[in-house]
Amino acid sequence: MKSRFLSALLFMLLMVSCKQKTIDYLAESKTDKDARMEWWREARFGMFIHWGLYAVPAGEWKGQKNHAEWIRESAQIPLEEYSKFVGQFNPVKFNADDWVKLAKDAGMKYIVITSKHHDGFGMFNSKQTDFDIMSTPFKRDVMKELSKACEKQGMTFCFYHSIMDWHNDNYLPRRSWEKTRSTEGADFDKYRSYLKSQLKELLTHYGKIGVLWFDGEWENTWTSEYGKDLYNYVRNLQPGIIINNRVTVGRSGMAGMTGEGEFSGDFGTPEQEIPATGVPGADWESCMTMNDHWGYNKNDKNFKSSTEILRMLADIASKGGNYLLNIGPTADGVFPQESIDRLKEIGKWMKTNGEAIYSTHASPFKNLPWGRCTQKKMTGSTRLYLHVFDWPTNQKLLVPGLGNKVIRAYMLSDANQEEMPVSTESGGITIQVPAQAPDIINSIIVLDIEGDPAIYDAPEIKASAEIFLDQTEITIAKNETLSEIRYTLDGSMPSVTSAVYTTPVKVSATTTITAVCFKDGKIMSGNTTLTVSKVTPVPGRTLPQVKPGLVFKLYHGDWDKVPDYNGLTPNLSGIATDLSLANKAADEKFSIDYQGFINIPADGIYTLSLNSDDGSLLYLGEKLAIDNDGLHGPTTKSADLALGKGLHSIRISYFEKSGGNCLELKWKTGNGKSEPIPASALFYYR
Ligand code: H79
């Protein structure tokens, strides 16, 4: 009887599991995605936690104090030695409820914690490996405890899981310095199965997971095919989960957004930066450290102030993004005191002003001189939250270019919602505000307006460059069709009798152009000014004894910026026809200094752009023309230069510390296309 019941049950289970087929979530409809993203778009503020074995050395190794979660790589610690931290990891002060409460009281709506970082150590109970928390003296599944605490306190629990893995033998490539770790028999497909098995554990043993935050996707073993497959694998285990763009390849450096048209997961991930403008139509989240490291570093006391953090949050919300703020807990299992202090201050502000952050949309204004704006759609009206960082000294706050009828204005912190007087003035509306800022960090004014925002942005003035030789053309544009642009060429403010802009303005002397939007004889917008300067080109030279190519000197060394070459001896030198040596010279830790001449075909304004990973400098003559120095991913910097026909001495200095390497120099003149400087334009003198 019993066994018949059991086999019937087994049969039913089998039927159910046969019916389940894997769904292709890459073809999801917009409606479905919107529904799935809803909580995340409303949340706006989350906590990142980087916690792992690296908390044991706490950022210090053999006197070097600048390490953190990358310590195994940055201090080149062999696997056997790093594994010793397993026996030392005993965070006896850990209390999941305390952590979740700290996040909750700070106004954060979700927690993303490292289930595994690049070191490969599992901070959860994994049956796939012994390199996990159950092998430590602590032997507690901290992720289980956190998932329960989150559930209890109404916090959304999320995992960060690294694709790159410096421990698993099947993961490739090895670190460049790991000469003794053989790759024999290593099988990346096996690594992918291992990765999936761990994710299955994380997605079936810890309740509902809000986000899977992948990272370490940039090594050449990971492909977009693997990324899409992993995305679908995760969604099939938890269909409602949200997955970041780092599940697949194609992220644009630290700016974090994936190129258009490519599969990009559910949201972009700017790292340690905030996009300069919003990213219309895209979901994104800026992740940032509180000090200068993600994992715990006992020596790093360079914490951002709570004012800085809260203003970043307002800035991000005003651009339509989320803010993921990091904590690096200690090996004892507690948050650094500096972090706790800031979380409490943040919570205090959020308690009063959170309404201006949660569930808001990006600002309708391009630029506000005193702060930021977020908005919410109401029935028949719009609620603007004005985030005032710089309180006006004359008790008048001008909201530039706002063309709507105002319903009311009051301070969000004012329980009585006492209305503040509002008047329509030239170039916007003015709110009469108290003498003292209610909040020195960020005072929120609620401004209810009729209908959708109608904003007269200050016109945009454009010239091909801010310098020119004989003549240049200036164009002026605006973002609406209701007003007209009036402009002056003498630096004065345009009036109702000034020229109306219709076609590009040609100028042949140094000129300051000022433009404003008018409607019915009234100024509607702020004003914009641009000065274009007439210059004479730096004369070029003719030298009979030049030969094609640039002289290069290659140096080995570990630098964080372009080194001072004085007193250094090159490891290699010669003549290069282009800059490609920088892309293939060595994997890392080197610098190349190119010197020679560039042949300018005709007098003109040339826009030179220098792209590199890591840093680079461009000199023309003695002058530093482009400073693209420092540690960074692929970054482009440009300069407009007035150059005469002939030869100009040029120097390009480049260094590479680690990660990808590239160096590229392009030029463009007039309205032409930016193109790599051809080998035929480069010479050296002998
Ligand atoms: O977990 C934290 C860091 O440990 C991790 N991401 C945050 C959330 C991190 N890994 N690497 N980095 C940060 C910096 C690495 C940058 C580079 Fe690249 C990797 C430079 C070149 C390869 C990413 C991909 C940026 C450009 C290409």
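Quick notes on the rules
Residues numbered from 1 in each chain as written. Predicted model: local features only at pLDDT ≥ 70, side-chain atom pairs only at ≥ 80, totals over all residues. Heavy atoms only, no water. Phe/Tyr/Trp six-rings, centres within 6.5 Å; stacked < 30°, edge-to-face > 60°. Helix = DSSP H or I, 4+ residues; strand = E, 2+ residues; numbered from the N terminus. Buried < 20%, exposed > 50% of the residue type's maximum accessible area, 1.4 Å probe, protein only. Pairing = 2+ DSSP bridges. Domains from an automatic or database assignment. Near = heavy atom within 4 Å. Polar contact = N/O pair within 3.5 Å; in protein donor to acceptor, adjacent residues only side chain to side chain. Nonpolar A, V, L, I, M, F, W, Y, C, P; charged D, E, K, R; others polar. Axes fitted to C-alpha atoms, helices over the stretch in contact; angles between N-to-C directions. Parallel < 35°, antiparallel > 145°, perpendicular 65-115°, else oblique. Left-handed = near helix turned anticlockwise from the far one by under 90°. Contact = heavy atoms within 4.5 Å. Expected span 1.5 Å × (residues − 1). Arc of directions from axis to C-beta. Salt bridge = Lys/Arg side-chain N within 4 Å of Asp/Glu carboxyl O.

## Considering the packing of aromatic side chains
- Under the counting rule described, the total for this entry stands at 33 aromatic pairs.
- Between F45 and Y323 the ring centres are 5.8 Å apart and the planes differ by 15°, which places this aromatic pair in the stacked class. With a gap of 278 residues between them, F45 in strand β1 (residues 45-49) and Y323 in strand β7 (residues 322-327) connect regions that are remote in the sequence. The same class applies to F45 as to Y323, namely buried.
- With 5.6 Å between their ring centres and 45° between their planes, F188 and Y191 make a pair best called tilted. Highlighted residues: F188 and Y191, both in helix α7 (residues 188-204), separated by three residues, approximately one helical turn. A single burial state applies to F188 and to Y191, both of which are buried.

## Things to note about the sheet that holds strand β34 (residues 675-676)
- Overall, antiparallel pairing links the four strands, which are arranged β31-β28-β33-β34 in an open sheet. Pairing within the sheet leaves two strands with one partner each, and these edge strands are β31 (635-643) and β34.
- Where strand β28 (residues 604-613) meets strand β33 (residues 662-669), eight bridges bridge the pair, whose relative direction is antiparallel. Residue pairing in the sheet places L610 in a bridge with L665 of β33.

## Some words on the domain arrangement of the protein chain
- Taken domain by domain, the protein chain consists of domain 1 (31-178 + 208-332), domain 2 (371-450), domain 3 (460-534) and domain 4 (546-685).
- Of note, the centres of domain 2 and domain 4, computed from C-alpha atoms alone, are 50 Å apart.

## Looking at unusual backbone geometry
- The omega angle of the peptide bond from L172 to P173 is 0°, so this bond is cis rather than trans.
- With respect to the helices, strands and loops of the structure, P173 is situated in the loop between β3 (156-162) and α7.
- Residue D614 follows D613 across a cis peptide bond; omega there is 0°.
- Turning to its location among the elements, D614 is positioned in the loop between β28 and β29 (616-620).
- Look at A58: it is not a glycine, yet its phi comes out positive at around 55°.
- In this fold, A58 is placed in the loop between β1 and α3 (71-74).
- Overall, A58 belongs to the buried group, its relative accessible area being 6%.

## Here we look at the site of the ligand
- Surveying the vicinity of the ligand reveals 16 residues, the closest of which are H50, E69, H117, D215 and E271.
- Take W70: an N or O atom from its side chain is 3.0 Å from an oxygen atom of the ligand.
- Between the ligand and H117, the relevant distance is 2.8 Å, taken from an oxygen atom to a side-chain nitrogen or oxygen of the residue.
- Of the residues belonging to the shell around the ligand, the class tally is six nonpolar, five polar and five charged.

## A short note on the packing of helix α5 (residues 96-105) against helix α6 (residues 142-153)
- For the pair α5 and α6, the least separation of the axes is 8 Å and the interaxial angle reads 45°. What the angle tells us is that α5 and α6 run oblique. Considering the relative orientation of α5 and α6, their crossing is right-handed. Here α5 contributes A96, D97, W99, V100, K101 and K104 to the contact with α6, which in turn contributes E145, L146, A149, C150, K152 and Q153.
- Broken down by class, the residue content of the contact of α5 with α6 amounts to six nonpolar, one polar and five charged.

## Quick look at α6
- Compared with the 16 Å implied by 1.5 Å per residue over 12 residues, the 16 Å span of α6 between its first and last C-alpha is a close match.
- Turning to α6, its buried residues number three or more, namely V142, M143, L146, S147, A149, C150 and Q153. Within α6, the buried residues cover an arc of 165° as seen down the axis, which keeps them to one side. Residues of α6 that are exposed and point more than 90 degrees away from the buried face comprise K148, E151 and K152.
- The inward-facing, buried residues of α6 contact α5, β2 (110-116) and β3.
- G154, located one to two residues past α6, shows a positive phi value of around 70°.

## Some thoughts on the packing of α7 against helix α8 (residues 224-237)
- One way to put it is that α7 packs onto α8 with a least axis distance of 10 Å and a crossing angle of 25°. Put simply, α7 runs roughly parallel to α8. Handedness of the α7/α8 crossing: right-handed. Touching F188, D189, R192, L195, K196, L199, K200 and L203 of α7 are Y226, D229, L230, Y233, V234 and L237, all from α8.

## Brief notes about the pattern of salt bridges
- Enumeration over the complete set of coordinates arrives at 38 salt bridges.
- Between K152 and D97 there is a salt bridge, with its nearest N and O atoms 3.3 Å apart. You can see K152 sitting in helix α6 and its partner D97 sitting in helix α5, a full 55 residues away along the chain.
- Where R651 meets D593, a salt bridge forms, and the shortest distance between an N and an O atom there is 2.7 Å. Of this pair, R651 sits in strand β32 (residues 646-656) while D593 sits in strand β27 (residues 590-600), and the two are 58 residues apart along the sequence.
- Exposure remark for R651: the relative accessible area of 27% places this residue in the partly exposed category.
- The network of salt bridges with shared partners includes D215, E217, R246, R251 and E271.

## Overview of the side chain of H50
- Along the chain, H50 turns up in the loop between β1 and α3.
- Among the polar contacts made by the side chain of H50, one reaches the side chain of N326 at a distance of 2.9 Å.
- When residues no more than four places from it in sequence are discounted, the contact partners of H50 are E69, T114, H117, Y160, W294, G295, N326, I327, G328 and P329.

## Let's talk about the side chain of H67
- Within the secondary structure, H67 is located in the loop between β1 and α3.
- Judged by its relative accessible area of 5%, H67 falls in the buried class.
- Engagement of the side chain of H67 in a polar contact is seen with the side chain of S74, the distance being 2.7 Å.

## As for the environment of E473
- The residue E473 is located in strand β17 (residues 472-477) in this model.
- On the basis of relative accessible area, E473 is assigned to the partly exposed category, the value being 38%.
- Distance in space between the C-alpha atoms of E473 and K506 is 4.5 Å, their sequence separation being 33 residues.
- Aside from chain neighbours lying at most four places away, what touches E473 is K462, A463, P504, V505 and K506.
- A distance of 3.4 Å separates polar atoms of two side chains, one belonging to E473 and the other to K506.

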